[in-house]
Amino acid sequence: VTGRAVDDGLDDGPVEQSGRVAPRRATTLTLTAGALVGAACFTVAVVADLAGLDGQDATGTVDAAGLVSALVALRAWAWALLGTVAIITTPAVGLGVTAFEYNAIADRRAVLMALAVLAVLGISLLVALLA
Amino acid sequence: MAIDRWYPGYPAGRGDAGTLGAPILTGTLLVLLASMVAGGFGSLLGIGGGIIIVPLLSVLLGHDVKVAIAASLVGVIAMSLAASPRYIDSGIADRRLGLFLLIAASVGGLTGGLTASSLDGRILALLFGILLVAVAVQMLRETRVRRAASPLPPAGRGGFAASYVEPTSGEVIEYRASRLGLGAAASFAAGNVSGLLGVGGGVINVPTMNVLMRVPIRVATTTSTYMLAATAAASSVVYAVSGQLDPLIAAPVALGVIVGARVGARLSMRVPQDVLRLAFVVVAAVFAVGMFVEFAS
């Protein structure tokens, strides 16, 4: 038996024991994958850093090609950067997946809440870039 | 680690001597080990690792306080991602309630990150010192005062109603989260503190859900853990874009916190909580002094 949300009832209206249970497999897989990818990248970064592969030759702003070649060369900073990006973006991906899961059971309010949080994360990036 | 050579906007002063007079202690291995200890300690006390990692990185290891906060936020996200799937799978974490509170918490995280980027590092050190004192005082109170758990009200009307299976007894517990407006306001504050100071926000989220919104403590702690990732993500983006996020510091911090938290979770049933709380009070007092010294210097 697993727990379930039975109603949101934002007003004081009657409780509807709808019994709808949103699937959660995709969300848990997404979060787990993000954590594993991030941890794997960080592990490579830490090991590479301890081994002295710390990217001393890297200068200026890094472009995509430079990042790929640094990853291939096992540069610590490149793997640390990749892991950081994986960790920071995973919550947003997870929210998108959660919205899909709630959409599958036609729980519009939960879908809107997930999308609202996703929108705030998007605004965060926008505001940070503009600031 | 010459990250300042390629990461635009990276602040100067990385690796300077700590304000407590500690020698210059830098290095990935040291940060990794320190984060393991912080993650384990935070996990044992249920307060997350950030509240220990930030002063540890800034006071003891001499990193810029904003860099310490940014690295701590990545650690907060990593820990939340590692722990949440289990809580979601078990059905104990209330995702719908979490999503509702996350709207306010993520806005708080964004404003906290923006505020921090405009504040002087010394002011942040002062605020963190005050937070440490507040949490330490709360820990002391919990050690001295044993309050009986107040019974949850029967499922009524309004709010978020849900149920979960209590793992220790197998009993189905029904509850209804009430006072949604106050809960959202507190979540905004928690997000703000998280973004501003790099802590998880659980120190505000959990009592808010449990005491204010009448949510069972097990649901409150797991839902709070689920919320931390998105809350911290909102503010860490601000730190990353402004050049305060050093991936080479974030990497050992995140790894250390994850490993430490797992070890701490296993030890939590064996170590007396009162001893841990008192140990935290001592550590927090030392770090608070360090933060105040950093503010005054």
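Every value quoted in this text rests on a predicted model; they were computed, and no experiment measured them.

Asker: What is the right way to look at the overall build of chain A in this model?
Answerer: Along its length, chain A carries 4 helices and 1 strand. Shown N-terminal to C-terminal, the secondary structure of chain A runs as helices and strands in the order β-α-α-α-α. Residues classed as buried in chain A amount to 44% of the 131 residues present. A sequence separation of at least 24 residues applies to 55% of the contacts in chain A between residues at least 6 apart.

Asker: Which parts of the structure should I look at to understand the confidence of the model for chain A?
Answerer: Detailed reading of predicted coordinates is not advised where the pLDDT is low. Scored by pLDDT, chain A has a mean of 81; 77% of the residues are at 70 or more. The low-confidence segment residues 1-17 of chain A, where pLDDT is below 50, has 53 contacts with residues more than four positions distant or belonging to other chains.

Asker: Honestly, a positive patch on the surface in this entry has me stumped. Any pointers?
Answerer: On the surface, R86, R262, R266 and R270 of chain B cluster together into a positively charged patch. For R266 of chain B, the location among the structural elements is in helix α9 (residues 247-267).

Asker: Explain the side chain of S224 of chain B here, please?
Answerer: By the secondary structure assignment, S224 of chain B is in helix α8 (residues 217-241). Leaving out residues up to four positions away in the same chain, S224 of chain B has contacts with G202, N205, V206 and M209 of chain B.

Asker: Looking at this structure, I do not really get the pattern of salt bridges. What am I missing?
Answerer: It is possible for side chains bearing opposite charge to pair when their charged atoms get close. Residue and element names in this part refer to chain B. Applying the stated criterion across every chain yields a total of 3 salt bridges over all chains. The shortest N-O distance in the salt bridge between E166 and R218 comes to 3.0 Å. Highlighted residues: E166 in the loop between β1 (160-165) and β2 (172-177) and R218 in helix α8, separated in sequence by 52 residues. On the basis of relative accessible area, E166 is assigned to the buried category, the value being 11%. R218 gets classed as partly exposed once you look at its relative accessible area, which sits at 31%.

Asker: Teacher, can you tell me more about the packing of helix α4 (residues 108-130) of chain A against α8 of chain B here?
Answerer: The packing of two helices is summarised by the inter-axis angle and the distance between the axes. Here α4 of chain A crosses α8 of chain B at 15°, and the two axes come no closer than 8 Å. Taken as axis vectors, α4 of chain A and α8 of chain B run roughly parallel relative to one another. Between α4 of chain A and α8 of chain B lies a crossing of right-handed hand. Contacts from V117, L121, S124, L125, A128 and L129 of chain A of α4 of chain A reach α8 of chain B at A230, A233, A234, V237, V238 and V241 of chain B. Grouping the constituent residues of the contact of α4 of chain A with α8 of chain B by class yields 11 nonpolar, 1 polar and no charged.

Asker: Would you explain the pairing of β2 of chain B in this entry?
Answerer: Where a strand is regular, its side chains alternate between the two sheet faces. Residues and elements named next belong to chain B. In this structure, β1 lies alongside β2, joined through 6 bridges in antiparallel fashion. Within β2, the position partnered with V165 by the bridge is V172. Between β1 and the antiparallel strand that follows it, β2, lie 6 residues; G170 among them carries a positive phi value of about 75°.

Asker: What should I look at first to understand a nonpolar patch on the surface in this one?
Answerer: All names here are of chain B. Taken together, the side chains of I130, V133, V137 and F292 present a nonpolar region at the surface, about 310 Å² in accessible area. It is helix α5 (residues 121-144) that contributes the most residues to the nonpolar patch, 3 residues altogether. Note on placement: V137 falls in helix α5. In this structure V137 comes out as partly exposed when scored by relative accessible area, which is 44%.

Criteria and cut-off values
- Residues numbered from 1 in each chain as written.
- Chains lettered and ligands numbered in written order.
- Predicted model: local features only at pLDDT ≥ 70, side-chain atom pairs only at ≥ 80, totals over all residues.
- Heavy atoms only, no water.
- Helix = DSSP H or I, 4+ residues; strand = E, 2+ residues; numbered from the N terminus.
- Buried < 20%, exposed > 50% of the residue type's maximum accessible area, 1.4 Å probe, protein only.
- Contact = heavy atoms within 4.5 Å.
- pLDDT = per-residue confidence, 0-100.
- Patch = residues over 30% accessible without salt bridge, like charges linked within 9 Å, V, L, I, M, F, W, Y side chains within 5 Å.
- Areas by Shrake-Rupley, 256 points an atom, 1.4 Å probe, with all protein chains shown as cover.
- Salt bridge = Lys/Arg side-chain N within 4 Å of Asp/Glu carboxyl O.
- Lys, Arg positive; Asp, Glu negative; His and termini not counted.
- Charge placed at Lys NZ, Arg CZ, Asp CG, Glu CD.
- Axes fitted to C-alpha atoms, helices over the stretch in contact; angles between N-to-C directions.
- Parallel < 35°, antiparallel > 145°, perpendicular 65-115°, else oblique.
- Left-handed = near helix turned anticlockwise from the far one by under 90°.
- Nonpolar A, V, L, I, M, F, W, Y, C, P; charged D, E, K, R; others polar.
- Pairing = 2+ DSSP bridges.

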